[in-house]
Amino acid sequence: MIPDADSVSSAGVVGAGTMGHGIAHVLALAGVDVRLVDVEESALEEALSSIERNLGRQASKGVVDEEDAGAALSRVATGTDTGALEEAEIVVEAVSEDPDVKFGIFHELGETCSRDAVLASNTSSISITDLASRVPRPGRVLGMHFMNPVPVMELVEVVRGLQTDDEVVEFTREMAERLGKTPVTVRDYPGFVSNRVLMPMLNEAMFCVMEGVAEPEAVDEVMTLGMNHPMGPLELADLIGLDTCLSILEVLHRDLGDDKYRPCPLLRKYVSAGWLGRKSGRGFYRYDD
Ligand code: NAD
């Protein structure tokens, strides 16, 4: 039986990085008890302090009540074992964009979670149908693709795998609405809509820098002032994480088989150097703070 989205009281989030802590934040704020799981203790500690800081910021701006912010924080529990997710009615997987890691997690979730649990992935590009094939009930699996930063961005791209049940899609749309988001349903193809359209633009901006067409600041200024984008493509790539951008482009390139998606060599070089964008303190820009 699929639960009613309004009555969901228990959720799991696997992966406590940039996206995982944001997803835990919005679930907890909507009154859901969240268990946040990561392999790294340090990621869990950082995630909790980010959630606390971001809730505090929302409270100081009057976006949420002080009391609600405090209650939300107390609803987030952390741990390193997916075995603790057996009670969760919905689990959102938000681990690194690596197919083998995600396949392993879905296999574990299929073994541990209740038969009725909805298993969602926040993947940016990996096949939902392929992830679903790792669990006993593939009809329960779909994409729930939040945008970064999760507490701020309105869209949730709901991705229907080949075998996803209609009621699971409907439940997830209602769940997104409960979190104050707007769901848009799309079908499962590499990169879905968001990254299939976005990533080639970010990649092309990187080629502009690599070929010396312009400095990063100039490329971003052309796109913000000229195209009315709120943020330039290189600033956005740094926010997303350059390792995540590279992984998405590799999936697009391999699975669509078209060289227009080939990752820019400069992106590969930055990732090899550990320049991952904001999260590592350096990408196309430096983030000294
Ligand atoms: P991130 O690198 O910030 O965090 C990934 C986390 O996963 C890390 O804390 C890591 O320790 C954890 N992890 C790795 N293997 C694990 C395992 N086996 N079990 C549990 N935890 C594990 O990555 P992110 O930017 O938060 O991206 C997470 C997912 O969200 C990816 O699929 C990405 O494509 C997607 N996504 C990212 C963005 C973005 O802007 N960063 C936007 C939308 C979707």
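Conventions and cut-offs
Residues numbered from 1 in each chain as written. Predicted model: local features only at pLDDT ≥ 70, side-chain atom pairs only at ≥ 80, totals over all residues. Heavy atoms only, no water. Domains from an automatic or database assignment. Buried area = accessible area lost by both parts, 1.4 Å probe. Salt bridge = Lys/Arg side-chain N within 4 Å of Asp/Glu carboxyl O. Polar contact = N/O pair within 3.5 Å; in protein donor to acceptor, adjacent residues only side chain to side chain. Nonpolar A, V, L, I, M, F, W, Y, C, P; charged D, E, K, R; others polar. Near = heavy atom within 4 Å. Areas by Shrake-Rupley, 256 points an atom, 1.4 Å probe, with all protein chains shown as cover. Helix = DSSP H or I, 4+ residues; strand = E, 2+ residues; numbered from the N terminus. 1 Å grid on protein atoms, 1.4 Å probe; cavity = no way out; pocket = protein on both sides within 12 Å on 5 of 7 lines; lining within 4 Å. Points joined across faces, edges and corners; volume = space filled by probe spheres on them.

Remarks on the domain arrangement of the chain
Then, in step 1: When its domains are assigned, the chain resolves into domain 1 (5-187) and domain 2 (195-280).
Then, in step 2: Summing both sides of the interface, domain 1 and domain 2 together bury roughly 670 Å²; the carbon and sulfur share of this comes to 57%.
Then, in step 3: Among the residues of domain 1 in contact with domain 2, Glu97, Ser125 and Asn148 are the three that bury the most area, contributing 53% of the side total.
Then, in step 4: Applying the counting criterion to the domain 1 and domain 2 interface returns zero salt bridges.
Then, in step 5: Taken together, the links from domain 1 to domain 2 amount to three residue pairs in polar contact (both at pLDDT 80 or more).
Then, in step 6: Among the residues forming the side of domain 1 that touches domain 2, the class breakdown is one nonpolar, five polar and one charged.

Looking at the site of the ligand
Then, in step 1: Not every one of the 25 residues close to the ligand is listed here, only the nearest: Asp38, Glu97, Lys102, Ser124 and Ile240.
Then, in step 2: Asn122 is positioned such that a nitrogen or oxygen atom in its side chain is 2.9 Å from an oxygen atom of the ligand.
Then, in step 3: Coverage of the ligand by the protein chains reaches 86% of its 840 Å² of free accessible surface.
Then, in step 4: Elements represented by at least two residues in the shell around the ligand include exactly α1 (18-29), α4 (99-112) and β6 (141-146).
Then, in step 5: Of all the elements, α4 adds the most residues to the shell around the ligand, at three residues.
Then, in step 6: Looking at the shell around the ligand, its residues break down into 10 nonpolar, 10 polar and five charged.
Then, in step 7: Composition of the shell around the ligand by domain shows at least three residues from each of domain 1 (5-187) and domain 2 (195-280).

Remarks on empty space enclosed by the protein
Then, in step 1: Overall, the coordinates contain one cavity of 30 Å³ or more when judged by the stated rule.
Then, in step 2: Computed from the structure, the largest cavity encloses a volume of approximately 30 Å³.
Then, in step 3: Taken together, Leu27, Ile90, Val92, Met144, Phe146, Met175 and Leu179 make up the lining of the largest cavity.
Then, in step 4: Put simply, the parts of the chain that give the lining of the largest cavity at least two residues each are β4 (90-93) and β6.
Then, in step 5: Tallied by class, the residues present in the lining of the largest cavity amount to seven nonpolar, no polar and no charged.

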